[in-house]
Amino acid sequence: MKQNTEADVRTDTAIKILALFFVAIIFLAFTTSPIKTGTKEGERAPPLEGMMYNGSGWTQFNMDDYMTTNWTVGDANGEWLVVEFMDTDCTFCLRDADEFGQVADFFMKISKDTDGTPAWNGPTVNFVASATELNIKGHDSSRAEIISFRDKTGDSSCAGNACSSRQGSAHNFMYVDDIDQENMQEWKIPGTPSYFIIQPDGIVAWVHSEHPQEKVSDGLFRLFDEQGLMPNE
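Here's a quick rundown of the structure. As the structure is a prediction and not an experimental result, all values here were calculated from the model.

Bringing the state of the cysteines into the picture now. Inspection of the entire model under this criterion finds 1 disulfide. In this model, Cys-158 is linked to Cys-163 through a disulfide, with the two sulfur atoms separated by 1.9 Å. The chirality of the disulfide connecting Cys-158 with Cys-163 is right-handed, given an S-S dihedral of about 90°. Note on Cys-163: relative accessible area 0%, which makes it buried.

Together, Glu-49, Asp-64, Asp-65, Asp-180, Glu-182 and Glu-186 line one region of the surface with negative charge. Here Asp-65 shows up in the loop between β2 (58–62) and β3 (80–87). Residue Asp-65 is classed as exposed on the basis of its relative accessible area, which comes to 63%.

On to helix α5 (residues 216–226). Here α5 has its buried residues at Val-216, Ser-217, Gly-219, Leu-220, Leu-223 and Phe-224. Taken end-on, α5 shows its buried residues confined to a sector of 160°, consistent with a single buried face. Exposed residues lying more than 90 degrees from the buried face of α5 are Asp-225 and Glu-226. Looking at the packing, one finds that the buried side of α5 touches β3, α2 (91–107), β4 (125–132), β8 (194–198) and β9 (204–207). A positive backbone phi angle near 70° is found at Gly-228, which sits one or two residues after α5.

With 32 residues, the main nonpolar core has Trp-80, Phe-127 and Leu-220 as its most contacted residues. Those elements that provide at least two residues to this core are β3, α2, β4, α3 (143–151), β8, β9 and α5. In terms of residue count, α2 provides more of this core than any other element does, 7 residues in total. Residue contacts for Phe-127: discarding those within four places in its chain leaves Leu-81, Val-82, Phe-100, Val-103, Ala-104, Phe-107, Met-108, Phe-173, Met-174 and Leu-220. Core analysis: the second largest hydrophobic core is formed by 20 residues, Leu-48, Met-63, Leu-134 and Val-176 among them.

As for its position among the elements, Asp-178 is in strand β7 (residues 174–178). Although Asp-178 is buried, it makes no salt bridge; Arg-143 carries the closest opposite charge, 10 Å away. Asp-178 has contacts with Ser-130, Ala-131, Thr-132, Glu-133, Asn-183 and Met-184, leaving out every residue within four places of it along the chain.

Throughout the structure, instances matching the rule amount to 21 aromatic pairs. On the basis of an interplanar angle of 80° and a centroid distance of 5.7 Å, the ring pair of Trp-71 and Trp-80 is categorised as edge-to-face. The exposure class of Trp-71 is buried, given its relative accessible area of 5%. Since its relative accessible area comes to 0%, Trp-80 is described here as buried. Each ring, one from Trp-80 and one from Phe-224, has its centre 5.1 Å from the other, and the planes form 90°; the classification is edge-to-face. Here Trp-80, found in strand β3, pairs with Phe-224, found in helix α5; they are 144 residues apart in sequence, far enough to count as distant. Grouping residues by exposure puts Trp-80 and Phe-224 together as buried. Here the aromatic cluster, defined as three or more aromatic residues joined through ring pairs, consists of Trp-71, Trp-80, Phe-106, Phe-107, Trp-120, Phe-221 and Phe-224.

Conventions we followed
Residues numbered from 1 in each chain as written. Predicted model: local features only at pLDDT ≥ 70, side-chain atom pairs only at ≥ 80, totals over all residues. Heavy atoms only, no water. Disulfide = S-S within 2.5 Å. Buried < 20%, exposed > 50% of the residue type's maximum accessible area, 1.4 Å probe, protein only. Patch = residues over 30% accessible without salt bridge, like charges linked within 9 Å, V, L, I, M, F, W, Y side chains within 5 Å. Areas by Shrake-Rupley, 256 points an atom, 1.4 Å probe, with all protein chains shown as cover. Salt bridge = Lys/Arg side-chain N within 4 Å of Asp/Glu carboxyl O. Lys, Arg positive; Asp, Glu negative; His and termini not counted. Charge placed at Lys NZ, Arg CZ, Asp CG, Glu CD. Helix = DSSP H or I, 4+ residues; strand = E, 2+ residues; numbered from the N terminus. Arc of directions from axis to C-beta. Contact = heavy atoms within 4.5 Å. Core = buried A, V, L, I, M, F, W, Y, C linked by side-chain atoms within 4.5 Å. Phe/Tyr/Trp six-rings, centres within 6.5 Å; stacked < 30°, edge-to-face > 60°.

This is the structure:
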């Protein structure tokens, strides 16, 4: 009986190649460390979702919708995200509301120069506030209070005073209802306000608690400068 030795050789070679391929896949699976989920710099940010108020109504928010998984460092087209954890009855949140609103307007390209062009022409930065209710006496929040704090309208009370009387203008960024503390617990937030800067790929790039000497704007400028994303003058 005649045997096709050439075909046998090809078959053996194919089997060996497939075996090597599967060995390589298994090796990579055991040696490649996935990025840890957490709130430290370099970790992948935990999930952040809930019903969001954007100035006109409540809609579903999911942070993943704002992320670009294949973004690479140095890509100016990716959109960054600043996350603030706050409480409408938190006096420190009230104190920071004016300046934080101005920073948000600048990096969200709402602030304009005299010629009508955006004052900031670097990467777009989105802002979102996760509004919780701390387990402290007198911190009784509601969606009406969140709206009143953001828009500076209505007769809701924030930390004993009318929310509409807080310093600064109405905010233009998103507020997520986290009254049940679900997001706050997922991120293990010890207190408010807490600020984070998230890269377009979902990696935590900056945490205020790790840079107490820096404000959010300082952190953004430094990160953009380090990654070569500062706009040309």
